[in-house]
Each structure stands twice: as structure tokens, then as C-alpha cells.
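Structural overview
So the chains spell out like this:
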Amino acid sequence: MINLQINTTQNVNLDYTIVSIGERILAFLIDGFILYLYFILVNFATTALGYIFEDAWTQFGLQSLILLPAMFYSLIMHSLFNGRTVGKMLMKMRVVRFDGTPVHWSNYLVRWMLRLVDIWIFVGSIGLLTILFSDKRQRLGDAAAGTVVISTKNTTKVSHTILEDVEETYEPTFSNVTLLSDKDIRLIKDTYRIAKQSADHKTMKALRDKVESVLTTNSELYDVQYLDTVLKDYSYYTQQI
């Protein structure tokens, strides 16, 4: 097991596990199977259309046009789904920058272009060898793009850290929560949890007033709702690496 510590743009250290070569191969095979099913479907559809377009060249051109997106499957999926393909989603893994900065579409483009060397020309041997001998399990495309493939499986609950569990579709309310430090958030979370468990409304109100004065917000949310939103917003922004 190889661990990687990433420092986010909000200066929060997050520990991740780099996936094994076996997990990457399995994710690749899942994506390959999906493309195989797509090819079968396209072949079936174009064969059926062949009865309409009797010209073989017309049928071939139509088939080539429909198959074109399959060539860009990896690039499109990684760009649209935050560093994941269907295979990576099922295997709970994601492509990230190892320096903590957000992954740009150009990084995905570099990875996709070097698949030609890593996978296709040498039948995967280059990719396998570079992953095996890389300290971060990077294939050639990863090394060139400055990316790694990490596991998104939670070995510890997020609630045990300064962060909160947030859905990927979560929409933050207060963008300036990034003004807070991880030390501030830990203090807020601990105080919030104790006050909530003991129904200490006075402490809850004082905590809310203090946080609101720092963030210069003027929210109409109740104290509990406000503090809960602040914690979730901070978690959302710090996890957008």
C-alpha cells in the first residue's frame, strides 16, 4: 500500500492511498467491456441501416462516424466526471494532481495522448513497467501530466476529521469559508458538536455570532443550520483538489 499526502489549495493536508496496478487493470477492463458493448451495438445498428443504404461506402462512413466518440472515451469521461471513467467509478478511484492543484483538461489530454505509447503500441507493456517501477505508481502519461490515480474508498470516516460528508452535487452557500484555517474549523466543529449534544443554546449562539463576525455574513439561517452549512461548505471547497 502506497500513501500520498496532498496539500489542497486551502492548505489542508489530505491523505490518500494510491491504487494498486491490479485495481487499475480491472478498471481498464471494465471500460474495455463497455466499449466492446458499444461496438456491438453500433455494428448491429449500421448493419440494420445497410438495408436502407445499399452503398457499402455510405454504410462504412456512417459506422466510422458513430464509432468516433469511442476513440475519445477516456478523455471525455475524465474531463466530464472529475478524473473518472465508468471503470474508475465502480472501482472507487480518481485521477488527481499530486501537487494538490485542480486537474486541468490539458492534463487529461496529455494522459490520453500517451495512452498510445503506454497501452496500444506496446500492448500495455510500457504502462505496466512504468507503474511497477514508479514510486507513485504512475504510467508514462501520469508522469507527463503530473497526475496519480488514488483510491476514494474511505478507510476512516470523514466525520472523524475536521471535514464533513458532502455529496458531489452539494452546492455551497458561503464561498468565503476558505478564509478559515483547518485549526479554526476543528475548534468550530468540536464546540458545535458539544453544544448540540448538550442542547447548550447559549454556546451555540455565541459560536454562531463569532463565526459570522469573522466571515462577515448576515444569514437568516438558524444557529444550528448556519454552523452546519459553514462546516459543509468548508469541506466542499477543501475537497475540490
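Refer to the structure presented above.
So, here's what we can say about the structure. (Residues numbered from 1 in each chain as written. Predicted model: local features only at pLDDT ≥ 70, side-chain atom pairs only at ≥ 80, totals over all residues. Heavy atoms only, no water.)

**Quick word on helix H5 (residues 105-113)**
Residues of H5 that are buried: Asn-107, Tyr-108 and Arg-111. Taken end-on, H5 shows its buried residues confined to a sector of 100 degrees, consistent with a single buried face. Along H5, the residues that are exposed and aim more than 90 degrees away from the buried face are Trp-105 and Met-113. Where the residues of H5 are buried, they touch helix H1 (21-49), helix H3 (73-80), strand S3 (93-97), helix H6 (115-121), helix H8 (140-145) and strand S4 (147-151). (Buried < 20%, exposed > 50% of the residue type's maximum accessible area, 1.4 Å probe, protein only. Helix = DSSP H or I, 4+ residues; strand = E, 2+ residues; numbered from the N terminus. Arc of directions from axis to C-beta. Contact = heavy atoms within 4.5 Å.)

**Notes on the pattern of salt bridges**
Once the charged atoms of two side chains with opposite charge are near each other, the side chains can pair. Taken as a whole, this structure holds 9 salt bridges when the rule is applied. Lys-153 is the partner of Glu-23 in a salt bridge, and the nearest nitrogen-oxygen pair spans 3.5 Å. Here Glu-23, found in helix H1, pairs with Lys-153, found in the loop between S4 and helix H9 (182-197); they are 130 residues apart in sequence, far enough to count as distant. Relative accessible area serves as the criterion here: at 21%, Glu-23 is assigned to the partly exposed category. A residue is classified by how much of its surface remains accessible, and Lys-153, at 42% relative accessible area, is partly exposed. The residue Arg-111 makes a salt bridge to Asp-142 at a minimum N-O spacing of 2.6 Å. Highlighted residues: Arg-111 in helix H5 and Asp-142 in helix H8, separated in sequence by 31 residues. (Salt bridge = Lys/Arg side-chain N within 4 Å of Asp/Glu carboxyl O.)

**A word on the nonpolar core**
One finds Leu-180, Ile-188, Val-211, Leu-215, Tyr-226, Leu-227 and Val-230 to be the most contacted residues of the largest nonpolar core, which totals 16 residues. Where this core is concerned, the elements lending two or more residues are H9, helix H10 (201-215) and helix H11 (223-238). Ranked by residue count, the leading element in this core is H11, at 5 residues. Apart from residues no more than four positions distant in its own chain, Leu-180 is found in contact with Ile-185, Ile-188, Val-214, Leu-215, Val-230 and Tyr-234. Ala-27, Met-91, Val-95 and Val-149 belong to the second-largest nonpolar core, a separate cluster that totals 9 residues. (Core = buried A, V, L, I, M, F, W, Y, C linked by side-chain atoms within 4.5 Å.)

**Section: unusual backbone geometry**
Peptide bonds are trans in most cases, and residues, glycine excluded, mostly fall at negative phi. The phi torsion at Val-123 lies on the positive side, around 55 degrees, for a residue other than glycine. Among the secondary structure elements, Val-123 is positioned in the loop between H6 and helix H7 (125-133). Using a relative accessible area of 74% as the deciding quantity, one classes Val-123 as exposed. Even without a glycine there, the phi angle at Arg-137 is positive, about 50 degrees.

**Looking at the packing of H1 against H7**
H7 packs onto H1 with a crossing angle of 150 degrees between their chain directions and a minimal axis gap of 11 Å. By the criterion of interaxial angle, the relationship of H1 to H7 is roughly antiparallel. Judged by the sense of rotation from one axis to the other, the crossing of H1 with H7 is right-handed. The residues of H7 that touch H1, namely those facing Ile-21, Arg-24 and Ile-25, are Leu-128, Ile-131 and Leu-132. Taken together, the residues of the contact of H1 with H7 sort by class into 5 nonpolar, no polar and 1 charged. (Axes fitted to C-alpha atoms, helices over the stretch in contact; angles between N-to-C directions. Parallel < 35°, antiparallel > 145°, perpendicular 65-115°, else oblique. Left-handed = near helix turned anticlockwise from the far one by under 90°. Nonpolar A, V, L, I, M, F, W, Y, C, P; charged D, E, K, R; others polar.)

**Examining the side chain of Lys-88**
Residue position: Lys-88 is located in helix H4 (residues 86-91). Within the buried set, Lys-88 has no salt-bridge partner at all; the shortest N-O distance to an opposite charge, 5.3 Å, is to Asp-31. Side-chain polar atoms of Lys-88 contact the side chain of His-78, separated by 3.3 Å. Among residues more than four places away in sequence, those in contact with Lys-88 are Ala-27, His-78, Gly-83, Met-93, Val-95 and Val-149. (Lys, Arg positive; Asp, Glu negative; His and termini not counted. Polar contact = N/O pair within 3.5 Å; in protein donor to acceptor, adjacent residues only side chain to side chain.)

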